[in-house]
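Each chain, written out:
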Number of protein chains: 2
Amino acid sequence: MQLEAHIRAHVEPNFQLADLPFSVREVHFEKDTIVTDYGAVEDQVYFIESGIVEVGLLRQGEPRILDFFFPGEFFCSYASMLQRRPSDVQLSALTPLRCQAIHAQELLAAYAHSLFANRLGRIETERLYLKKVKREKDLLTKTAAERYQDLLDEHPQWIQQMPVQKIALYLGIHPGSLSRIRRTVFPHMC
Amino acid sequence: MQLEAHIRAHVEPNFQLADLPFSVREVHFEKDTIVTDYGAVEDQVYFIESGIVEVGLLRQGEPRILDFFFPGEFFCSYASMLQRRPSDVQLSALTPLRCQAIHAQELLAAYAHSLFANRLGRIETERLYLKKVKREKDLLTKTAAERYQDLLDEHPQWIQQMPVQKIALYLGIHPGSLSRIRRTVFPHMC
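Residues numbered from 1 in each chain as written. Chains lettered and ligands numbered in written order. Predicted model: local features only at pLDDT ≥ 70, side-chain atom pairs only at ≥ 80, totals over all residues. Heavy atoms only, no water.

A. Broad picture of the relation of the copies chain B and chain A. With an RMSD of 0.0 Å, the fit of chain B onto chain A corresponds to turning through 180 degrees and sliding 0.0 Å along the axis. The superposition operator between the copies reduces to a two-fold rotation axis. Across chain B, the rotation axis passes nearest the C-alpha of R122 of chain B, at a separation of 2.0 Å. Both copies present the same face, since 100% of the interface residues in chain B are matched by interface residues at the equivalent positions in chain A. (Least-squares fit on C-alpha atoms with pLDDT ≥ 70 in both. Contact = heavy atoms within 4.5 Å.)

B. Expanded view of the interface of chain B and chain A. With 34 residues of chain B at the contact, the number on the chain A side is 34 residues. Of the roughly 3,200 Å² buried between chain B and chain A on both sides combined, carbon and sulfur atoms contribute 66%. Taken as a group, R122, Y129 and L140 of chain B account for 22% of the area that chain B buries against chain A, more than any other trio of residues on that side. Between E136 of chain A and R135 of chain B there is a salt bridge, with the nearest N and O atoms lying 2.7 Å from each other. Taken together, the connections running from chain B to chain A amount to twelve residue pairs in polar contact (both at pLDDT 80 or more). Secondary-structure elements contributing two or more residues to the side of chain B that touches chain A are β4 (53-59), β5 (62-69), α2 (78-83) and α4 (115-141) of chain B. Element by element, the count of residues in the side of chain B that touches chain A is highest for α4 of chain B, at 18 residues. Taken together, the residues of the side of chain B that touches chain A break down into 16 nonpolar, eight polar and ten charged. (Buried area = accessible area lost by both parts, 1.4 Å probe. Salt bridge = Lys/Arg side-chain N within 4 Å of Asp/Glu carboxyl O. Polar contact = N/O pair within 3.5 Å; in protein donor to acceptor, adjacent residues only side chain to side chain. Helix = DSSP H or I, 4+ residues; strand = E, 2+ residues; numbered from the N terminus. Nonpolar A, V, L, I, M, F, W, Y, C, P; charged D, E, K, R; others polar.)

C. Focus on the sheet that holds strand β2 (residues 34-36) of chain B. Spatially, the four strands line up as an open sheet ordered β2-β7-β4-β5 (chain B), and their pairing is antiparallel. Bordering the open sheet on either side are β2 and β5 of chain B, each of which pairs with just one other strand. Averaged over all pairs of adjacent strands, the angle between strand axes in this sheet comes to 35 degrees, irrespective of strand direction. Across seven bridges, β4 of chain B lies against β5 of chain B in antiparallel orientation. Bridge assignment links V55 of chain B to a residue of β5 of chain B, and that residue is D67 of chain B. Taken strand by strand, helix α4 (residues 115-141) of chain A contacts β4 and β5 of chain B, and its axis lies near 50 degrees from that of β4 of chain B. (Pairing = 2+ DSSP bridges. Axes fitted to C-alpha atoms, helices over the stretch in contact; angles between N-to-C directions.)

D. Inspection of the packing of helix α1 (residues 3-10) of chain A against α4 of chain A at higher detail. All names here are of chain A. Across the interface, α1 lies against α4 with an axial gap of 11 Å and an inter-helix angle of 85 degrees. Here α4 runs roughly perpendicular to α1, going by the angle between their axes. Residues H6, I7 and H10 of α1 touch α4, and the partners they reach there are F116, L120, I123, E124 and R127. Looking at the contact of α1 with α4 residue by residue, the class counts come to four nonpolar, two polar and two charged. (Parallel < 35°, antiparallel > 145°, perpendicular 65-115°, else oblique.)

E. Region of the structure containing the state of the cysteines. The final tally for this structure, using the stated rule, is zero disulfides over all chains. We note that C99 of chain A lacks a disulfide partner, and the nearest cysteine sulfur, in C76 of chain A, lies 11 Å from it. (Disulfide = S-S within 2.5 Å.)

F. Layout of the side chain of T125 of chain B. In this fold, T125 of chain B is placed in helix α4. The exposure class of T125 of chain B is buried, given its relative accessible area of 1%. Of note is the side chain of T125 of chain B, whose polar atom sits 2.5 Å from the backbone oxygen of G121 of chain B. If sequence neighbours within four positions are ignored, T125 of chain B has contacts with T125, E126 and Y129 of chain A together with Y78 of chain B. (Buried < 20%, exposed > 50% of the residue type's maximum accessible area, 1.4 Å probe, protein only.)

G. Inspection of the sheet that holds strand β1 (residues 25-29) of chain A at higher detail. Taking strand neighbours across the sheet as the criterion, the four strands line up as β1-β8-β3-β6 (chain A) in an open arrangement whose pairing is antiparallel. A single partner strand is all that each edge strand has here, and the edge strands are β1 and β6 (74-75) of chain A.

H. How the structure looks around the environment of R8 of chain B. Residue and element names in this part refer to chain B. Its location among the elements puts R8 in helix α1 (residues 3-10). Apart from the residues within four sequence positions on either side, R8 is in contact with P13, F15 and Q16. There is a polar contact of 2.7 Å between the side chain of R8 and the backbone oxygen of F15.

I. Fine view of the packing of helix α5 (residues 144-154) of chain A against helix α8 (residues 175-185) of chain A. Residues and elements named next belong to chain A. The interhelical angle for the contact between α5 and α8, taken along N-to-C directions, is 60 degrees, at an axis separation of 10 Å. Between α5 and α8, the angle is such that the two are oblique. The hand of the α5/α8 crossing is right-handed. In this structure, α5 uses A144, A145, Y148, Q149 and L152 to contact α8, whose residues at the interface are L178, I181, R182 and V185. (Left-handed = near helix turned anticlockwise from the far one by under 90°.)

J. Examining the environment of E73 of chain A more closely. Residues and elements named next belong to chain A. Along the polypeptide, E73 turns up in the loop between β5 (62-69) and β6. Relative accessible area serves as the criterion here: at 15%, E73 is assigned to the buried category. Separated by 108 residues in sequence, E73 and I181 place their C-alpha atoms 28 Å apart. If we skip the residues at most four places from it in the chain, E73 touches Y46, F47, I48, F68 and K131.

Dropping the structure here:
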């Protein structure tokens, strides 16, 4: 998914990249490299053209996975970027990653005058909010098996390529438990 | 907290109510009345001038409290409003409630042309997002006692007035456990 196509579909139908009130540049990350580390103050916003991002969190010193981002999504350590505080999550490339990057300061400056920048920021923040609401309700109301099925339904082309232990860390279950869930979801793989 | 003062402090320093690109009207709810019920499609956005709102969720048929909103905050069943779907949360007045209400359709119409409306929507959605991020991390990393202490630190004037069983439903613990936590936080109350 390209940035221009994404913005035309979700923000402004007649949008062209030349209309952007900030600069973007293409950046690449190799698999398993850190995009934003624990303790860094986020100064970029990224749009994923290809690849998957993992959002790590330390829980009592143990690594957990809080979230994933997929092609066609914006990501950054957003709480860090908005609050200018050290990030308490770590963003890393679960696969080779190709993104369009925006300097946070340029985006924040555009918010002062640009209808487009504010509309983009509002719509993408709404999207992030809805994702959080869904995850919060799912954690309260769904089993790990149901949450795995949801991931599969939403991102069928990606989930089967992701390491089992990463998905288990996200679901908060033992990899062995996830393997049992996968055998019920994909009985032909037994 | 009045709406005009809130917007001047957080969105636009020179703001006056006459500048709003949508209408607002004052509404009142009595204690324990439902503002938005399960299954309703949210068609209002509210700003709390006084009172506390409780956000209820059914977990396997059992009531839970997902969140509270306090004076100076906007609230609505936001996922329902944005997605035009039946609400899976119930908003109710934990105390007598005085709000400024905005018709969702007027707000959404203003988003098409108004820099102010988009800035307001972006900033308030960022705030809601940061609240969700904090709650998600807290659920993963903090004990019920620590989460109770956070509530007290953030809203000292309100929390001690709220029924213990409501706070226990929010923290996901038995009211008896919360009473024990409160005795360690407020030893003078023993």
